[in-house]
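These are the residues of each chain, in order.
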Amino acid sequence: MEEKAISKEKHSKHAKLAKPMGGSYHRQEWAILGTPCGEIRKLVGSLCAALGEKWKLAYLDEDHKASEEEYSHSMLSGHAFLEATNKINYFRFDHATAPSSFEAKAIFNPLDAVFINGNHFAASRQIVVIDPRKDVVKKMDRLTNISLVLMTEGQTQIPEEVQSRMNPGTPVISIADTQRIINWMASQLELSVAPVKGLVLAGGKSQRMEADKGLIFYHGKPQREYMYDLLSAAGIQPHLSIRTDQTYSVSEEANTVMDRFLGLGPYGAILSALMSDPNAAWLSVACDLPLLAKEHIDLLLQYRNPSKVATAFYNPETDFPEPLITVWEPKAYQVLLNYLAQGYSCPRKVLINSDIELVNVVDHAFMMNANTPDEKDKALNLIAASAKFN
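Residues numbered from 1 in each chain as written. Predicted model: local features only at pLDDT ≥ 70, side-chain atom pairs only at ≥ 80, totals over all residues. Heavy atoms only, no water.

Secondary structure assignment for the chain yields 11 helices and 15 strands. Seen through its C-alpha atoms, the chain measures out along the principal axes to roughly 75 × 75 × 50 Å. Counting across all 390 residues of the chain, residues that qualify as buried make up 43%. For the chain, long-range pairs separated by at least 24 residues make up 65% of all intrachain contacts whose partners lie at least 6 apart in sequence. Accessible area of the chain: about 22000 Å², with a carbon and sulfur share of 52%. Computed over 40 positive and 46 negative side-chain charges, the inter-centroid distance for the chain is 3 Å. (Helix = DSSP H or I, 4+ residues; strand = E, 2+ residues; numbered from the N terminus. Buried < 20%, exposed > 50% of the residue type's maximum accessible area, 1.4 Å probe, protein only. Contact = heavy atoms within 4.5 Å. Areas by Shrake-Rupley, 256 points an atom, 1.4 Å probe, with all protein chains shown as cover. Lys, Arg positive; Asp, Glu negative; His and termini not counted. Charge placed at Lys NZ, Arg CZ, Asp CG, Glu CD.)

This part is about helix 6 (residues 223–233). Count 3.6 residues to each turn of an α-helix, and residues three or four apart come out pointing the same way. Taken together, the buried positions of helix 6 are occupied by Gln223, Arg224, Tyr226, Met227, Tyr228, Leu230 and Leu231. Residues of helix 6 that are buried sit in contact with strand 9 (196–201), strand 10 (237–242), strand 12 (281–286) and helix 8 (294–302). Following helix 6 by one or two positions, Gly235 has its phi on the positive side, about 85°.

With that out of the way, let us pick up the packing of helix 7 (residues 266–276) against helix 9 (residues 332–341). The packing of two helices is summarised by the inter-axis angle and the distance between the axes. Axis separation between helix 7 and helix 9 bottoms out at 10 Å; the angle between their running directions is 140°. Of the possible angle classes, the one that applies to helix 7 and helix 9 is oblique. Remark: the crossing between helix 7 and helix 9 carries left-handed chirality. Judged by residue contacts, Tyr267, Ile270, Leu271, Leu274 and Met275 of helix 7 engage Ala332, Tyr333, Leu336, Leu337, Tyr339 and Leu340 from helix 9. Broken down by class, the residue content of the contact of helix 7 with helix 9 amounts to 11 nonpolar, no polar and no charged. (Axes fitted to C-alpha atoms, helices over the stretch in contact; angles between N-to-C directions. Parallel < 35°, antiparallel > 145°, perpendicular 65-115°, else oblique. Left-handed = near helix turned anticlockwise from the far one by under 90°. Nonpolar A, V, L, I, M, F, W, Y, C, P; charged D, E, K, R; others polar.)

Inspection of the secondary structure puts Asn117 in strand 5 (residues 113–117). At 2.9 Å, the side chain of Asn117 and the backbone nitrogen of Asn119 are in polar contact. Not counting the four nearest positions on each side in its chain, Asn117 is found in contact with Ile32, Cys37, Ile40, Tyr59, Leu60 and Asp61. (Polar contact = N/O pair within 3.5 Å; in protein donor to acceptor, adjacent residues only side chain to side chain.)

Attention shifts here to the pairing of strand 3 (residues 82–86). The pairing of strand 3 with strand 4 (residues 91–95) spans 5 bridges and is antiparallel. Looking across to strand 4, one finds that Glu83 is bridged to Asp94. Counting the residues that bridge the hairpin from strand 3 to strand 4 gives 4 residues, and of these Ile88 lies at a positive phi of roughly 70°. (Pairing = 2+ DSSP bridges.)

Structure below.
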């Protein structure tokens, strides 16, 4: 009797999903430790003042002198779980309990970086201060990825234990040199900007066109191939967004993103791309935009704002952002899922109600959609007239 081969592959109950990079709170987080809490707060205040206009920054701290009087006057003392208060100059949420790391990531998702009081909390990267008032060696368990070392006045030696945890080339700066620290952090934030990948939305059923819109020849080749090459020419790694039943007509050389959110149209395609690589920004373009050219993609990339949820063109004909020529930042992944959980699957609705960069153009003709045979003929005539004129 033949023995059956036993698979050595470990069984997993859960799908293997690509996870966003980062630590317990955010993709970009730095714990500052080794000096009194007041000094950490002062340093973070300087960084926020200098960098806050361009980047959305947060500070996580612990208040070990919490006022009992303030607590007694809050709804939390009456067993409310959450108190939300419009403080006119800012809006405040007071929770009865601290959020879990999963909940914290959701709270900090809209931001670009989180600074953390490392005397109380750990983070994936650390800024270590050498200060005789705080022995950082006692926090060695938190020193896993030292990005920067700051020296207080009179300090010239870095403890050997700290040196052993420093990355090669870790800069060492005087804590008094505020501008140099600001410049270093600014460079770190610039380096953290996600790369852009391209997504051709070619998975639609083209019911109004009565033929696959991605296979129409506007420019001497199938439109989805034209858009794919357009993204490549703009310096972006292109991908085709497709349904499972379209694989037979896709070139083996083409990068593809299979639609994993079925029945949601472009919304599902964009989410599928972010699921496949949550650490990239995705520039999505519909394949029913026959007048779109490389210059328009270049313009969108030029005005891209990675601190926003997305960057999109303003369409004066609809008086709304144009959702199908849009750069979706990594933070858009959670935003899109949140809208979906509330019963919405319209990319335009997300853009209208989110913090986005809106790009205005004088000539918006390239935003014309060709969804019907008549619109296809109109686009072909415009392309022919343009070629004749040029």
